[in-house]
Amino acid sequence: MSKVIDGLPVEHDFYMPGEHAPQEQVWMAWPVRSDNWRNGAKPAQKAFVDVARVIAEETQVVMLVSQSQYKNAREQLPSHIRVIEMSYNDCWMRDMGATCLIHQTQELRRGISWNFNAWGGLVDGLYFPWDLDDLVAEKMLNLMGDDIYDIPMVLEGGSIHTDGEGTLFTTEECLLHPSRNPDMSKQEIENRLKSVLGINKVIWLPNGLYNDETNGHVDNIMHVVKPGEVILTCCDDPNDPQYRISQKALDVLSSETDAKGRTIKVHKIPMPGPLYITEEEAEGVDSSDGMERHAGERLGASYSNFLVTNNLVVYPLLDEHCDEQAKEVLECAFPEHQVVGVKAREILLGGGNIHCITQQIPKVKAG
């Protein structure tokens, strides 16, 4: 049975591995909110099934589902995908799920339950309440039988990327936003990340993707390939607001070294679109105070929002004009992986993509 552990992970020789490390499972949650997912979430559910099917070819998938949707999800998903009933407010498993840690030398795994406030709480959160989402990490760790570090800090999984060798990437826009941890300085946040995730260096990008409603999550603008190597969303149009954001990020990545002193190799991946919500898509969403789902609203579309799971890369198909170019970049960066695209506009319409709706569980292994 899981128990809450006193002290900090780094004191017990635990650290957060990179996404490229071996994985045991990938967890997801079933979409249902009609004020975020159009047409009663039916199109989004199909997209989630498509993503889960591809991942399950390589890694075991666990799908959380609300009581009212259990039968529907069970019938739509293949039998080898595990379906577990759990209550939650929305389905962004990357952000509400546990961040898993492994021991430096022993076959041990523990998890972190951060504070979750729906990307901004009462300042600019996307929905209220979020109390059920805030309990998901603890519940999933109990189901897994992994002990828990309860960390009193607002943080979403999509706001950090690690390389597993001491380097963490994030954005100032998100972690320094007044809606997250306004009582903590930049140095205090950095120190907390080091003591909790077992990292030695934080590389701060100024901003995330343009019009990203998460306040600039790093996983929507870049992705770690392996230590010393990243994917970065780039824009070729100097008149697009993303152009300067990506250029500043490239400047940081090109001038920094990682925790091991390596220069960072950057694979540039194109930005799809820009893409916008259509009138038909907007009409299918119930009105909401927090989320902008109006016709003409620019979507935070990015090919960097992909998942690496064991020998597989699952990336979103978003724009027929550059889907194939994105695949070529990913195949170059991951030559030993199978790269599979999944139609993901319905996920994008909800405010994120494939990386946002998944949370990997690393395998434990002897050092």
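Just so you know, these numbers come straight off a predicted model, no measurement behind them.

**Student:** Account for the overall build of the protein chain, with residues named and values stated.
**Tutor:** Helix and strand content of the protein chain: 11 helices and 17 strands. On C-alpha atoms alone, the protein chain measures out to a radius of gyration of 19 Å, which is about the 21 Å that the 2.2 N^0.38 rule sets for 367 residues. The dimensions of the protein chain, computed from C-alpha atoms along their principal axes, are 55 × 50 × 45 Å. When burial is assessed residue by residue, the protein chain has 60% of its 367 residues classed as buried. Put simply, 75% of the contacts in the protein chain that link residues at least 6 apart link residues at least 24 apart.

**Student:** Break down the nonpolar core for me, with residues and values.
**Tutor:** One finds Trp27, Met28, Leu64, Leu77 and Leu330 to be the most contacted residues of the largest nonpolar core, which totals 81 residues. A total of 9 residues in this core trace back to one element, the largest contributor, which is helix H1 (residues 42–56). The next biggest cluster of nonpolar side chains, apart from the first, holds 22 residues, and it includes Trp114, Ile151, Val196 and Trp204.

**Student:** I'd love a proper account of the packing of aromatic side chains, names of residues and values included.
**Tutor:** Evaluated as defined, the whole model comprises 8 aromatic pairs. Seen in terms of ring centroids, Phe14 and Tyr149 are 6.4 Å apart; in terms of plane orientation they differ by 65°. Their pairing is edge-to-face. Residue Phe14 is found in strand S1 (residues 14–15), and its partner Tyr149 is found in strand S7 (residues 147–154); the two are separated by 135 residues along the sequence. Phe14 gets classed as buried once you look at its relative accessible area, which sits at 2%. Every member of this aromatic cluster is reached through a ring pair, and the members are Trp37, Phe48 and Trp92. Above the ring of Tyr127, the side-chain terminus of Arg33 is found at 4.4 Å from the ring centroid.

**Student:** Let's hear about the pattern of salt bridges: which residues, and what values?
**Tutor:** Taken as a whole and assessed by the stated rule, the structure comprises 16 salt bridges. Across the pair Arg38 and Glu346 runs a salt bridge whose closest N-O atoms are separated by 2.7 Å. In this pair, Arg38 sits in the loop between strand S2 (23–29) and H1 while Glu346 sits in helix H11 (residues 345–348), placing the two residues 308 residues apart along the sequence. The burial state of Arg38 is the same as that of Glu346; both residues are buried. A single salt-bridge network, built from bridges that share partners, covers Glu24, Arg109 and Asp146.

**Student:** Could you give an account of the environment of Val4, naming the residues involved and the relevant values?
**Tutor:** Structurally, Val4 is set in the segment before S1. Residue class for Val4 comes out exposed when judged on its relative accessible area of 53%. Sequence spacing of Val4 and Asp258 is 254 residues, and the spatial spacing of their C-alpha atoms is 32 Å. Residues in contact with Val4, not counting those within four places in the same chain, are Ile148 and Asp150.

So, how was this worked out
- Within each chain, residue numbers correspond to sequence positions counted from 1 in written order.
- Only residues with pLDDT of at least 70 are given local features in this predicted model, and only at 80 or more are side-chain atom pairs given and counted; all residues enter the totals for whole chains, interfaces and linings.
- Water and hydrogen atoms play no part in the side-chain values, which are based on all heavy atoms of the structure.
- Only DSSP runs of H or I covering at least 4 residues are called helices, and only runs of E covering at least 2 are called strands; the numbering of each starts at the N terminus.
- Every radius of gyration here is taken over C-alpha atoms, with the globule rule written as 2.2 Å times N^0.38, N being the number of residues.
- For each residue, the accessible area found with a 1.4 Å probe, counting protein chains only, is set against the maximum for its type, and the residue is called buried under 20%, exposed over 50%, and partly exposed in between.
- Only heavy atoms matter for contacts: two residues are in contact if any of them lie within 4.5 Å across the pair.
- Take the buried residues of types Ala, Val, Leu, Ile, Met, Phe, Trp, Tyr and Cys, join any two whose side-chain atoms come within 4.5 Å, and each joined set is a nonpolar core.
- Centres within 6.5 Å are what make two rings of Phe, Tyr or Trp a pair, Trp counting through its six-membered ring; a difference in plane orientation under 30 degrees is then read as stacked, over 60 as edge-to-face, and the rest as tilted.
- Cation placement over rings: the criterion is NZ of Lys or CZ of Arg within 6 Å of the ring centroid and within 35° of the ring normal.
- Take a side-chain nitrogen of Lys or Arg and a carboxyl oxygen of Asp or Glu: if they are within 4 Å of each other, that pair is a salt bridge.

None of the figures reported here should be taken as evidence of function without further support.
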